[in-house]
Structure formats: structure tokens, C-alpha cells
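# Architecture and fold: a report
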Amino acid sequence: MNCQQIEDQLIDYIDYNLDQEVHQAVAAHLKDCQSCSNALQELQEVFKAIDNDPIELPNANMKLDFDQMLEKEKASLQGSKVVSLEKRSKNSWKTALQIAATITLVVSAYFFGKNQTNESFTKEIAVLEKQKIEMKQTMTISLIENESASKRLQAVNYAEEFEKPGNDILKALIDKMHYDDHINVRLAAAEALVKFSDSEMVRKALINALDKEQDPSMQIELIQILVSIQEKRAVPSMEKLLQEEKTPDYVKDQVKVGLPSLI
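Structural notes, computed from the coordinates.

Procedures and definitions
Residues numbered from 1 in each chain as written. Predicted model: local features only at pLDDT ≥ 70, side-chain atom pairs only at ≥ 80, totals over all residues. Heavy atoms only, no water. Helix = DSSP H or I, 4+ residues; strand = E, 2+ residues; numbered from the N terminus. Buried < 20%, exposed > 50% of the residue type's maximum accessible area, 1.4 Å probe, protein only. Contact = heavy atoms within 4.5 Å. Areas by Shrake-Rupley, 256 points an atom, 1.4 Å probe, with all protein chains shown as cover. Core = buried A, V, L, I, M, F, W, Y, C linked by side-chain atoms within 4.5 Å. Expected span 1.5 Å × (residues − 1). Disulfide = S-S within 2.5 Å. Salt bridge = Lys/Arg side-chain N within 4 Å of Asp/Glu carboxyl O. Polar contact = N/O pair within 3.5 Å; in protein donor to acceptor, adjacent residues only side chain to side chain. Lys, Arg positive; Asp, Glu negative; His and termini not counted.

## Concerning the overall build of the protein chain
Across its full length, the protein chain carries 13 helices and zero strands. The secondary structure elements of the protein chain, listed N-terminal to C-terminal, are α-α-α-α-α-α-α-α-α-α-α-α-α. The buried share of the protein chain, taken over its 263 residues, is 43%. Looking at the protein chain alone, contacts between residues at least 24 apart form 74% of all its contacts between residues at least 6 apart. As presented, the protein chain carries roughly 14400 Å² of accessible surface, and 50% of it is formed by carbon and sulfur atoms.

## Some words on the nonpolar core
With 42 residues, the main nonpolar core has Leu173, Met177 and Met238 as its most contacted residues. Listed in part, the eleven residues of the second largest apolar core include Leu10, Val26, Ala27 and Ala39.

## Digging into the environment of Met238
Following the sequence through the fold, Met238 ends up in helix α12 (residues 235–243). Judged by relative accessible area, which is 0%, Met238 ranks as buried. Along the primary structure Met238 and Leu259 are separated by 21 residues, whereas in three dimensions their C-alpha atoms are 7.3 Å apart. Setting aside residues up to four positions removed in sequence, Met238 forms contacts with Leu210, Ile223, Leu226, Val227, Val255, Leu259 and Leu262.

## Quick word on helix α9 (residues 183–194)
The terminal C-alpha atoms of α9 lie 17 Å apart, and with twelve residues this matches the ideal 16 Å at 1.5 Å per residue to within 8%. Within the span of α9, buried status applies to Val185, Arg186, Ala188, Ala189, Ala190, Ala192 and Leu193. Those residues of α9 hidden inside the fold are in contact with α7 (149–160), α8 (167–179), α10 (200–212) and α11 (216–228).

## Thoughts on the state of the cysteines
According to the stated counting rule, one finds zero disulfides in the structure shown. The thiol of Cys3 is not disulfide-bonded; the next cysteine sulfur, from Cys36, is found 3.7 Å away. Between Cys36, a free cysteine, and Cys33, which holds the nearest cysteine sulfur, the sulfur-to-sulfur gap is 3.6 Å.

## Comments concerning the pattern of salt bridges
Scanning the model with the defined rule gives eight salt bridges in all. Arg152 serves as the salt-bridge partner of Asp180, at 2.6 Å between the closest nitrogen and oxygen. Of the two residues, Asp180 sits in the loop between α8 and α9 while Arg152 sits in helix α7, which places them 28 residues apart along the sequence. One continuous salt-bridge network, built from bridges that share partners, spans Arg152, Asp175, Lys176, Asp180 and Asp181.

## With respect to unusual backbone geometry
A positive phi angle is found at Gln230, which is not glycine, with a value near 55°. Tracing the backbone shows Gln230 in the loop between α11 and α12.

## Some remarks on the side chain of Glu213
In this structure, Glu213 sits in the loop between α10 and α11. A polar side-chain atom of Glu213 sits 3.0 Å from the main-chain amide nitrogen of Asp215.

## So, the side chain of Lys252
Here Lys252 shows up in helix α13 (residues 249–258). Buried charge without a partner: Lys252 forms no salt bridge, and the closest opposite charge is Asp249, 4.9 Å away. Separated by 3.5 Å, the side chain of Lys252 and the backbone oxygen of Leu242 make a polar contact. Lys252 has contacts with Leu241, Leu242, Glu244, Glu245 and Thr247, leaving out every residue within four places of it along the chain.

## Some details on the environment of Ser150
Structurally, Ser150 is set in helix α7. Residue Ser150 is classed as partly exposed on the basis of its relative accessible area, which comes to 30%. Between the C-alpha atoms of Ser150 and His182, which are 32 residues apart in sequence, the distance is 9.6 Å. When residues no more than four places from it in sequence are discounted, the contact partners of Ser150 are Asp15 and Asn17.

## Some points on the environment of Ala189
Relative to the elements of secondary structure, Ala189 occurs in helix α9. Taking relative accessible area as the criterion, Ala189 reaches 0% and is therefore assigned buried. When the C-alpha atoms of Ala189 and Met177 are compared, they prove to be 5.2 Å apart, with twelve residues separating the residues in sequence.

What follows is the structure, given as C-alpha cells:
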């Protein structure tokens, strides 16, 4: 395999999703190729960066001007924050690598910040934390479009950890719930959306999903979710399931259990 083929296999190599023969071939290539070894190390750093390690306070005696460095990094990020959701790319993780590198640079700059008052420290920490959250969301969106189902599932779990996700995260989860070709990813996306059910966009998406869904396991999941969040607008969709002959009996039983609490 050439370097391009190796890079395309790295995520599955990390997750041990390759068959033994391919895994050994990738491992052998990595031993002899410094470029691919570096790419592997950088990719591993991406997944570590997503873990959102706590921010430590800098030494107040450091001399570099943090304000200028932070503003410079903000400006450089403006052109790299948008990640397309329309088409998956085998190398989408490379965008995440660039963002992770920026996180490292910004955090490192902070540790060389100049002496500040407590009030200034608080403001700067808040700005830095906001930047990290925004970049984590961008990284998560990039990973959620990965070709590896295990990575998409992992990204969905990351998305669920956000307290107040942006619309891009919600839209990515909704897209996975509707269209992902792996049922476990779709189920996980639906479950993750429960946490954000105070959003009208999420509630409408869940109702719409139940209207169109054909997979019985997803139908049951959506019924349970809509009942748990007491979404009364889902009643017509549930009644429709009861009336359709093709609806499995066990799905109808789930409707009969949950429907009374919504009427």
C-alpha cells in the first residue's frame, strides 16, 4: 500500500477495525515511513484534544503578550471553522488535525501570558474556554461525517456531552438520525437528541422521523423518546402507526403503552 492508502486506513487502524492481514500491513508500513507515523501521531492527538482537559491557570510572571497572540489566532481561525456536511471525505480528519493544532497553540500561548489582574484573567479564561468549545464542536462535526461507523458513533457520543450545542451540531445529529446507513449510529443520534429536546428544531425532527421511519427498532426508539419528552404533537403519527397493517405488532404494542400519556 502507498502512503495515501495508509492514511485512509489510520482511523480504523487506531480502532482495531481492520482485518489482521491489513492491520499488519499498515503496522509494517508505519515502521518504515516517518511521514505516515507522524500522521498517526497527529491523528491520535485529535482524539485526545476532544476530551476537553481542564484549563490550567498560567504563571502570572510570564512576559509574552497573551492578548495579541489570542487575537492573532482568532483571526486565523475565521477561514477554517466551516466544515461541509454535504459530502463525507476520507481525509476529513485532516481538517480536525489543523483545528487541534490551533487548540494546542492557543493553550500554549496562554501559559506564556503576561501578568494580569484577576478580573482580566477571568475574562481571558472565558474567551479561551469559548474558543475551545467552538473548536471542539467543529472537530465533532468533522468526525461525525467520517466513513468509519465506529468513529461516527464516537462523534455522536461526543456531541451528547455539549451543554449548549450550536445549530450545526444539532443538524449533524438530526442528519445522522435520518440518513446514516448504520442503525446503531441512527439510534445513538436519536438518543443524543433527547438531551436537547428543549429545542423546537429537535422536537420537530423527532416527529418527522417517526412519520417517515420504516425500521421497527428506530420506530420504538422514537416512540419512547416522544413519550418521555411529552410531545403531544406526535399523537397523529403514533395513531397512524396503529392503523397501518404493515406496522409490526410489537411496535403497535409500544404505541398503545405510550399513547395514553400524550392524550
